[in-house]
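Structural description and commentary
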Amino acid sequence: MPDRVAPLLARPGTLVVGILNVTPDSFSDGGRWLDPAAAIAHGLDLAAQGAAIVDVGAESTRPGAAPISAEEEWRRLEPVVTALAGHGVTVSVDTLKAAVAAQAIAAGAAIVNDVSGGLADPAMLVTVAAAQAYYIASHWRGPLDADGSPAAYGDVVAAVHAALAERLAAATAAGIPAHRLIADPGLGFSKSAADNWALVAAAARFHDLGVPVLWGASRKRFTAELGDRDQVSTAVTAWLASQGAWAVRAHTVPDHLLAAAVGQTLRAASCTVAAPPHAPDHITLTGVRALGRHGVLPSEQRDPQPFAVDLTAELAQSSSSDDLATTADYSQLSALIADEIANHSYQLIETLAEQIAARALAIPGLTAVTVTVHKPQAPLAQEFADVAVTIRRELPVRARRAVFSLGSNLGDRAAALQFAVTGLATTPGVTLEAVSGVYETSPVGVADEQPDYLNAVAVARSTLPATALLDRALALEALAGRTRDTAPDAVQHGARTLDIDLVDVAGETCATPRLTLPHPRARRRAFVLVPWAELDPAVETPAFPDQSVRRVDGVTLWLPSRGEPSSRGEPPSRGERPERPVGEAAPR
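An account of the accompanying structure is given in this report. All figures in this text were calculated on a predicted structure; none of them were measured in a lab.

About the cut-offs
- Residues numbered from 1 in each chain as written.
- Predicted model: local features only at pLDDT ≥ 70, side-chain atom pairs only at ≥ 80, totals over all residues.
- Heavy atoms only, no water.
- Helix = DSSP H or I, 4+ residues; strand = E, 2+ residues; numbered from the N terminus.
- Expected span 1.5 Å × (residues − 1).
- Buried < 20%, exposed > 50% of the residue type's maximum accessible area, 1.4 Å probe, protein only.
- Arc of directions from axis to C-beta.
- Contact = heavy atoms within 4.5 Å.
- Salt bridge = Lys/Arg side-chain N within 4 Å of Asp/Glu carboxyl O.
- Pairing = 2+ DSSP bridges.
- Axes fitted to C-alpha atoms, helices over the stretch in contact; angles between N-to-C directions.
- Parallel < 35°, antiparallel > 145°, perpendicular 65-115°, else oblique.
- Left-handed = near helix turned anticlockwise from the far one by under 90°.
- Nonpolar A, V, L, I, M, F, W, Y, C, P; charged D, E, K, R; others polar.
- Core = buried A, V, L, I, M, F, W, Y, C linked by side-chain atoms within 4.5 Å.

**Side note on helix α12 (residues 349–361)**
Relative to the 18 Å expected for 13 residues at 1.5 Å per residue, α12 spans 18 Å between its end C-alpha atoms, a close match to the ideal helical length. Of all the residues in α12, the buried ones are I349, L352, A353, I356, A357, A360 and L361. End-on view of α12: buried residues confined to an arc of 160°, all on one side of the axis. For α12, the secondary structure elements touched by its buried residues are β10 (305–315), α11 (330–343), β11 (366–374) and β12 (388–394).

Written out as structure tokens, the structure reads:
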């Protein structure tokens, strides 16, 4: 079965998860979709309306709701989950029970949405791990009282954040890979209205959990305090999208899609909100087997016994072509695992896992690995199925110098350059160190007559891969009003409101249809080299008799993170603004 979830985790913007309750007593729409045929039709409608996932639940979690048996829960779920998955819908199953989760996954559900975070059923986490499904871990304080009385929190944001981190750690310890985990702060569950609003207000805080975050505010009791639940819920979605939420659960999909679009537009325009994490590409090897001599007993060091290793490797960047050179060779990973098992001997399987991880991370292009070593014939007196240890190791992220060339020859050129500087300076993972002075240059290599450009160079240090820096540059260009014509007969060097070229990233070379580093034409362009040399005297600036580059001393670009101008010459003192606004045309 194809992995329907991984592309959703990597998709930019905020997704909408459609809610489908096949219960007689849910707080919002209990009984409306209890009939399987009606539920299936509604689930297909949700998907057609734009829901990326349909979340199907058969047991109400409203305050005071009576629990039902696993048999009854699955009786309600089975026809709906099976039919929706059969129609190609990405289905998550909302359940507290491991047995129900296992049946739903077998029927085609891709995600288990457990509002208890694995606390209601001790078998839940290992069940999801064994089925290789995705898992949503929610914050939970136990079953709700009949009156929905909230739990007592001090700092609710800190408490929920810490509890979610613990649940995610428990999930990975149970064998669920981190790239298959999603967090949910559990709005409405044992929380007062004030608690819920505090969590929503601090939405950006939860990005540092390291996994996508799903929010479920739709029609919750706390939204009713302000008015119509649906209207307030969609307003909350707009806010959550502006803070980078991965997804929201919703009863009315079109309304929340529109609200998410509003939030995403605000987010893009602000250029200040921390970006949510997105799952990297992975290579996974499962059950690589070999005989080895690992253990503390003399017999274990003498007599070979079977070992099996699971390894998940995270790639530094997405593969952009059908070329082995752009990714890692899984046969190389398999060979080093087998070699480490068969040709070395350790007392601890933890050490075996460490050695495999260290060798894997030495392969170029990998940033992190998760290694599980299984020892199915460990010398235990009790009957058992397996003994295993799991470790995760990653390379330290080092900041590298990145050089951007900025240009504009349409509209308010100086304002466009300042917009680019502000956008780069507020990009998570980027520290903008300096920006050159501004230069006016004649267009180079164009046949039609165009206005002159204003150009500058920005130098940053970044922990992001070059592809992510390129994505950010293109996004800023689009926000500044630039459109790219990709038709075969399109003009290649037309005038533009903003041009941001990634010129160089220290230590990184790239030659794909999308990105070439170092920039192949940068060292033939005076409008790049002259401002770049202003920041780095080691840059050579040969004579370019056919190119005119004139310094514009009347324009000063600002580093927003420092609150000061970055150009050399005679900038204002710290905290002062130049008398002429940045967007004002410079004197010729």
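**Points about the pattern of salt bridges**
For the structure on display, the rule yields 25 salt bridges. Taking the shortest distance from any N to any O, the salt bridge between R249 and D94 comes out at 3.8 Å. Taken together, the positions of R249 in strand β8 (residues 247–250) and D94 in strand β3 (residues 91–94) put the pair 155 residues apart, joining distant regions of the chain. A single burial state applies to R249 and to D94, both of which are buried. One salt bridge connects R525 with D501, and the closest N-O pair in it is separated by 3.7 Å. Within this pair, whereas R525 is found in the loop between β19 (516–517) and α15 (526–535), its partner D501 is found in strand β17 (residues 499–505), the two being separated by 24 residues in sequence. In this structure R525 comes out as buried when scored by relative accessible area, which is 15%. The network of salt bridges with shared partners includes R413, E440, D452 and R550.

**Quick look at the sheet that holds β11**
The strand order β9-β10-β11-β12 describes an open sheet built from four strands, whose pairing is antiparallel. Two strands close off the open sheet at either side, each with one partner strand: β9 (282–292) and β12. Neighbouring strand axes in the sheet, compared pairwise and without regard to direction, differ in orientation by 15° on average. Here eight bridges tie β10 to β11, and the two strands are oriented antiparallel to one another. Following the sheet pairing, L311 is matched in β11 by V371. In this fold α11 packs onto β9, β10 and β11, with an angle of close to 30° to the strand it touches most, β9. In this fold α12 packs onto β10, β11 and β12, with an angle of close to 155° to the strand it touches most, β11.

**Remarks on the pairing of strand β16 (residues 453–462)**
Consecutive residues of a regular strand have side chains that alternate between opposite faces of the sheet. Buried residues dominate β16, accounting for nine of its 10 residues. Relative to β16, strand β13 (residues 400–408) runs antiparallel, the two being bridged by nine bridges. Looking across to β16, one finds that R400 is bridged to S462. In the sheet, strand β14 (residues 430–435) pairs with β16 via five bridges, with the strands oriented antiparallel. Within β16, the position partnered with T431 by the bridge is R461.

**Things to note about the packing of helix α4 (residues 98–106) against helix α5 (residues 124–131)**
Where α4 contacts α5, the two axes come as close as 9 Å, and the packing angle between them is 15°. One finds that α4 runs roughly parallel with respect to α5. Every pair of crossing elements has a handedness; the one defined by α4 and α5 is right-handed. On α5, the residues that touch A98, A101, A102 and I105 of α4 are M124, T127 and A131. Its residues assigned to classes, the contact of α4 with α5 shows six nonpolar, one polar and no charged.

**Side note on the nonpolar core**
In terms of nonpolar packing, the biggest core is built from 65 residues, with L20, V56, L77, L84, Y135, F206 and W215 touching the most fellow members. Look past the residues within four positions of W215 in its chain and what remains in contact with it is D184, P185, L187, L199, V200, A203, F206, L240, A245, A247, V248 and R249. Core analysis: the second largest hydrophobic core is formed by 34 residues, A402, V438, A473 and L559 among them.

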